[in-house]
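Here's the letter readout for the chains.
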Amino acid sequence: MNNSTKQVAPERQLRMKHVVAIGFAYMAPFAVFDTFGIVSHVTNGLVPLAYFIVFISILFTALSYRKLVQKYPISGSVYLYTKRIIHPYAAILVGWVSFIAYLALPMINALLASVYLSSGFPNVPKWVWVISLITFITLMNCVGIKIATTLNTWLVILQFIVVIVFIGLCLKDLLTTPAQSMPIHDLLPTPNEFPTLLPGAALLTLSFVGFDAITNLCDETIRPEKTIPKAIILLAIGGLVFFVVVTYLMQSLFPSASQFNNYEAASPEIAVHLGGNLFLAFFLGAALLSCIASGLASQLVASRFLYAMGRDGALPKQVFSYLHPRSKTPLFNILIVGLLAATALFLDLEKATALVNFGAFSAFTFVNICVLYAYFKRKKKPAFFENFLFPFLGLVFTGFLWISLNPFSLFIGGIWTLLGIVYLISTTRFFKKAPVDLHYDELSGM
């Protein structure tokens, strides 16, 4: 790598509004409509409660992310934290496993976009839409983070406008028939319904992954030690309010999944019920915008995660730590993520979602372990709740989510993990070569 390349550094351009917009786009809030019928079927009509359980499950993990990003306001997320606190060998493996979630989300968005577009243009092959979307988001991310972020922000705003209209139509429908409103006590499960809530909650975990993804934007965020921690909590709480309000209204209108002709594709039926075919057209358009926005955000985040690993030498530096001199973007990483996302042509939504869940749960697990490890490494152990109890509860709740994963997720994730172990062994010559530098003295401030 030449000297001019080494001098290029990320440019801090992102403010709170940009980070939050990227986080919400990454969360793909419109997915609440795509999953409603399925989760309503699994939980016997307790979708709002399933979202609340997911929120409680990830809240303590979000607090762990918040603590760690305050201490290490550098891009790299769980990879960086594991490297600084535990060991670089563990960091490479954790980074490898976590990356599968960042990679699979662009695949999911491309697949969903092809579903929406194929319904309107059935004569066009699905692969055309998949490649077209991936090409578009790749070009937008290559141009520069400011342009990609501005486009993302407007796409998120347009989605929320449609959601506001959706809420208004729901309220109008409920007010005309007040008996339809769902009493709060109906949201409380009976003892027989508890076993169905965890599988339903596991299906919805993907809805909250945006809060951890934004930790990869530290290098390009103004005052990241202040901005990112606030954005993490805002995204977690904002996501809870959004998902619970929207699903409460839908559950009031449709208490049982059996009311749909096809509960796996319930959102078009709900849209037609509320506003006819005209609203359905706007609704599907917003769903497509959600896929584009989430695709932009997920590719942006994935490329920065690879950059952090390349910068440290955990991945080949000449490729993964390269920044374009003019756009200050990790150009090669963006192209690599785009090419890998094109493998969505050979996957379906179930397989791609399995990859995201496995990678996300792995990251959640190790973020909590990092906080606990740092706590036990210190001779003095202050802030018991913040440094021990909260990450311990985060670890416990993540454990429940692991139990709820389907066998396919564990199988695919296990294969990916084995590949990561092979990579680690080969690059460290059977653990004889240190992959990255580690400074244990940085633990002193935790």
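Everything quoted here is computed from the prediction, not taken from an experiment. (Residues numbered from 1 in each chain as written. Predicted model: local features only at pLDDT ≥ 70, side-chain atom pairs only at ≥ 80, totals over all residues. Heavy atoms only, no water.)

(A) The arrangement of the overall build of the chain in detail. When helices and strands are counted, the chain shows 17 helices and 0 strands. For 446 residues, the compact-globule formula gives about 22 Å, and the C-alpha radius of gyration of the chain, at 22 Å, lands near that figure. Taking all 446 residues of the chain together, the buried fraction comes to 54%. When contacts within the chain are restricted to residue pairs at least 6 apart in sequence, those whose partners lie at least 24 apart make up 82%. Carbon and sulfur atoms provide 69% of the accessible area of the chain, an area that totals close to 18,800 Å². Each charge sign in the chain was given a centre, from 29 positive and 18 negative side chains, and these centres are 15 Å apart. (Helix = DSSP H or I, 4+ residues; strand = E, 2+ residues; numbered from the N terminus. Rg over C-alpha atoms; globule rule 2.2 N^0.38 Å. Buried < 20%, exposed > 50% of the residue type's maximum accessible area, 1.4 Å probe, protein only. Contact = heavy atoms within 4.5 Å. Areas by Shrake-Rupley, 256 points an atom, 1.4 Å probe, with all protein chains shown as cover. Lys, Arg positive; Asp, Glu negative; His and termini not counted. Charge placed at Lys NZ, Arg CZ, Asp CG, Glu CD.)

(B) Main features of the state of the cysteines. This structure, assessed with the given rule, holds 0 disulfides. In this model C218 remains outside any disulfide bridge; the closest cysteine sulfur is found in C370, 15 Å from its own. (Disulfide = S-S within 2.5 Å.)

(C) Structural view of the pattern of salt bridges. If you walk through the whole model with that rule in mind, you get 5 salt bridges. Of the charged contacts, one joins K83 and D312 as a salt bridge, the two residues approaching to 2.8 Å between their closest N and O atoms. Of this pair, K83 sits in helix 5 (residues 77-85) while D312 sits in helix 12 (residues 266-312); the two residues are 229 residues apart in sequence, bridging distant segments of the chain. On the basis of relative accessible area, D312 is assigned to the buried category, the value being 18%. (Salt bridge = Lys/Arg side-chain N within 4 Å of Asp/Glu carboxyl O.)

(D) Highlighting the side chain of T43. Secondary-structure assignment places T43 in helix 3 (residues 31-43). Setting aside residues up to four positions removed in sequence, T43 forms contacts with A50, T196, L197 and G200.

(E) View of unusual backbone geometry. One non-glycine residue, A28, lies in the positive phi region at around 50°. For A28, the location among the structural elements is in the loop between helix 2 (16-27) and helix 3. The class of A28 is buried, set by a relative accessible area of 13%. Positive phi, close to 50°, is recorded for R223, a residue that is not glycine.

(F) Molecular detail of a nonpolar patch on the surface. A cluster of nonpolar residues, W154, I157, L158, I161 and V165, forms a patch on the protein surface that exposes about 470 Å² of accessible area. With respect to the helices, strands and loops of the structure, L158 is situated in helix 8 (residues 145-176). Classification of L158 as partly exposed rests on a relative accessible area of 40%. (Patch = residues over 30% accessible without salt bridge, like charges linked within 9 Å, V, L, I, M, F, W, Y side chains within 5 Å.)

(G) Molecular detail of the packing of helix 5 against helix 12. The contact between helix 5 and helix 12 brings their axes to 8 Å, and the two run at 30°. Judged by the inter-axis angle, helix 5 sits roughly parallel to helix 12. Of helix 12, the residues touching helix 5 (which contributes S77, Y79 and K83) are F305, A308, M309 and D312. For the contact of helix 5 with helix 12, the per-class residue count stands at 4 nonpolar, 1 polar and 2 charged. (Axes fitted to C-alpha atoms, helices over the stretch in contact; angles between N-to-C directions. Parallel < 35°, antiparallel > 145°, perpendicular 65-115°, else oblique. Nonpolar A, V, L, I, M, F, W, Y, C, P; charged D, E, K, R; others polar.)

(H) Local environment of the confidence of the model for the chain. Of the residues in the chain, 91% reach a pLDDT of 70 or more, and the chain-wide mean stands at 85. Between residues 1-6, whose pLDDT stays under 50, and residues either more than four places distant or in other chains, the model counts 5 contacts. (pLDDT = per-residue confidence, 0-100.)

(I) Structural detail: the nonpolar core. Counting residues in hydrophobic clusters, the biggest one holds 128 residues, and the most contacted among them are F33, Y81, F166, F208 and F211. No other element matches helix 12, which puts 20 residues into this core. Excluding residues within four positions of it along the chain, F211 makes contact with I58, T61, A62, Y65, I232, L235 and F364. (Core = buried A, V, L, I, M, F, W, Y, C linked by side-chain atoms within 4.5 Å.)

(J) Quick look at the environment of T153. Mapping T153 onto the fold places it in helix 8. C-alpha separation for the pair T153 and L339, spaced 186 residues apart in sequence, amounts to 25 Å.

(K) Quick look at the packing of aromatic side chains. Overall, the coordinates contain 36 aromatic pairs when judged by the stated rule. An angle of 45° between the planes, with centres 6.0 Å apart, marks the rings of F279 and F283 as tilted. In this pair, F279 and F283 are both assigned in helix 12, 4 residues apart and thus about one turn of the helix distant. Among the residues examined, F279 registers a relative accessible area of 7% and is labelled buried. The rings of F60, Y375, F376, F384, F385, F388, F390, F392 and F397 are connected pair by pair, giving a single aromatic cluster. (Phe/Tyr/Trp six-rings, centres within 6.5 Å; stacked < 30°, edge-to-face > 60°.)

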